[in-house]
Amino acid sequence: MKISIGNDHAGTDYKFAILKHLEAKGFTVNNYGTDSNDSVDYPDFVHPVANDVENKKADFGIIICGSGNGANMTANKHQGIRSALCWTKEITALARQHNDANILSIPARYTALQQAIEMVDTFLETKFEGGRHQNRVDKIPVNC
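Note that the structure is a prediction, hence the values are computed from the model and not measured. (Residues numbered from 1 in each chain as written. Predicted model: local features only at pLDDT ≥ 70, side-chain atom pairs only at ≥ 80, totals over all residues. Heavy atoms only, no water.)

**Q** Just checking my understanding: could you explain helix α4 (residues 89-99) for this structure?
**A** What sets the pattern is the α-helix's 3.6 residues per turn: residues three or four places apart point alike. Here α4 has its buried residues at T92, A93, A95 and R96. Projected down its long axis, α4 carries its buried residues within an arc of 155 degrees, all on one side. (Buried < 20%, exposed > 50% of the residue type's maximum accessible area, 1.4 Å probe, protein only. Helix = DSSP H or I, 4+ residues; strand = E, 2+ residues; numbered from the N terminus. Arc of directions from axis to C-beta.)

**Q** Is there a simple way to think about the pattern of salt bridges in this case?
**A** Side chains that carry opposite charge are capable of pairing whenever their charged atoms lie near each other. What the rule picks out here adds up to five salt bridges. R82 serves as the salt-bridge partner of D100, at 3.3 Å between the closest nitrogen and oxygen. Within this pair, whereas D100 is found in the loop between α4 and β5 (103-107), its partner R82 is found in the loop between α3 (69-75) and β4 (83-85), the two being separated by 18 residues in sequence. Look at R82 and you get partly exposed, because its relative accessible area is 21%. One continuous salt-bridge network, built from bridges that share partners, spans K25, D121 and E125. (Salt bridge = Lys/Arg side-chain N within 4 Å of Asp/Glu carboxyl O.)

**Q** I keep staring at the environment of M119 and nothing clicks. Help me out?
**A** Tracing the backbone through its elements, the reader meets M119 in helix α5 (residues 113-125). For M119 and A93, which are 26 residues apart along the polypeptide, the C-alpha to C-alpha distance reads 8.2 Å. Those residues within four positions of M119 in sequence are excluded, and the remaining contacts are C86, W87, T88, K89, T92, L104, I106 and T111. (Contact = heavy atoms within 4.5 Å.)

**Q** Would you mind showing me how to read the packing of α4 against α5 here?
**A** Packed helices, taken two at a time, are described by their axes: the angle between them and the distance between them. In the contact formed by α4 and α5, the axes pass within 9 Å of each other and the chain directions differ by 20 degrees. Between α4 and α5, the angle is such that the two are roughly parallel. Along this stretch, α4 crosses α5, giving a crossing that reads as right-handed. Of α5, the residues touching α4 (which contributes K89, T92, A93 and R96) are E118, M119, T122 and F123. Partitioning the contact of α4 with α5 into residue classes produces three nonpolar, two polar and three charged. (Axes fitted to C-alpha atoms, helices over the stretch in contact; angles between N-to-C directions. Parallel < 35°, antiparallel > 145°, perpendicular 65-115°, else oblique. Left-handed = near helix turned anticlockwise from the far one by under 90°. Nonpolar A, V, L, I, M, F, W, Y, C, P; charged D, E, K, R; others polar.)

**Q** What is the right way to look at the layout of surface pockets in this model?
**A** A water-sized probe, rolled over the atoms, reveals where empty space remains. Here the largest pocket defines a volume of roughly 160 Å³. Lining the largest pocket are N76, K77, H78, Q79, G80, I81, R82, V137, D138, I140, P141 and V142. (1 Å grid on protein atoms, 1.4 Å probe; cavity = no way out; pocket = protein on both sides within 12 Å on 5 of 7 lines; lining within 4 Å. Points joined across faces, edges and corners; volume = space filled by probe spheres on them.)

**Q** Teacher, can you tell me more about the pairing of strand β2 (residues 28-31) here?
**A** It is a general feature of regular strands that their side chains alternate between the two faces of the sheet. When strand β1 (residues 2-7) meets β2, the two strands line up parallel, connected through four bridges. Note that in β2 the partner of S4 across the bridge is N30. In this fold, the crossover linking β1 to β2 by way of helix α1 (residues 12-24) has right-handed handedness. (Pairing = 2+ DSSP bridges. Right-handed = clockwise from strand over helix to strand, strands pointing away.)

**Q** Quick question: what am I supposed to make of the packing of aromatic side chains here?
**A** Here a ring pair, both rings aromatic, is described through the centre-centre distance and the interplanar angle of the planes. Under the definition given, this model contains one aromatic pair. Both rings, one in F60 and one in F123, keep their centres 5.4 Å apart while their planes meet at 75 degrees; by these two values the pair is edge-to-face. Of this pair, F60 sits in strand β3 (residues 60-65) while F123 sits in helix α5, and the two are 63 residues apart along the sequence. In this structure, F60 and F123 share a single accessibility class: buried. Above the face of the F16 ring, K15 is positioned so that its terminal group lies 5.0 Å from the ring centre. In this structure, R96 packs its charged tip against the face of F123, placed 5.8 Å from the ring centre. (Phe/Tyr/Trp six-rings, centres within 6.5 Å; stacked < 30°, edge-to-face > 60°. Lys NZ or Arg CZ within 6 Å of the ring centre and 35° of its normal.)

See below:
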């Protein structure tokens, strides 16, 4: 499985820990995030992740910023993306089960590192339930 990951300065430490965790599990990871704690603009690191997922160059994406909100809003501007801002394993599981989320947005300043790693595992291990949820997911894209 291929994962794309991106982060701003608030998510650098989390990105390195998640990257190490994923690689230890045998995942291939595209790292688009900053490797520094110097201030950067999160869209510069989120759009490449969303592009990879949207264009099937990655199976899933993980994006990390301070609140998770800016990264999540940016990713969801892409038509093929269903990015979910999550802060617990339970919300993460529901985002996959009910919404077929393909990008996980992590709020680094509001989630403990171990909890974030557990959320990543939950995100990647949880399957979309389909059924009644598929009809709802099909209604998400805007047909212009």
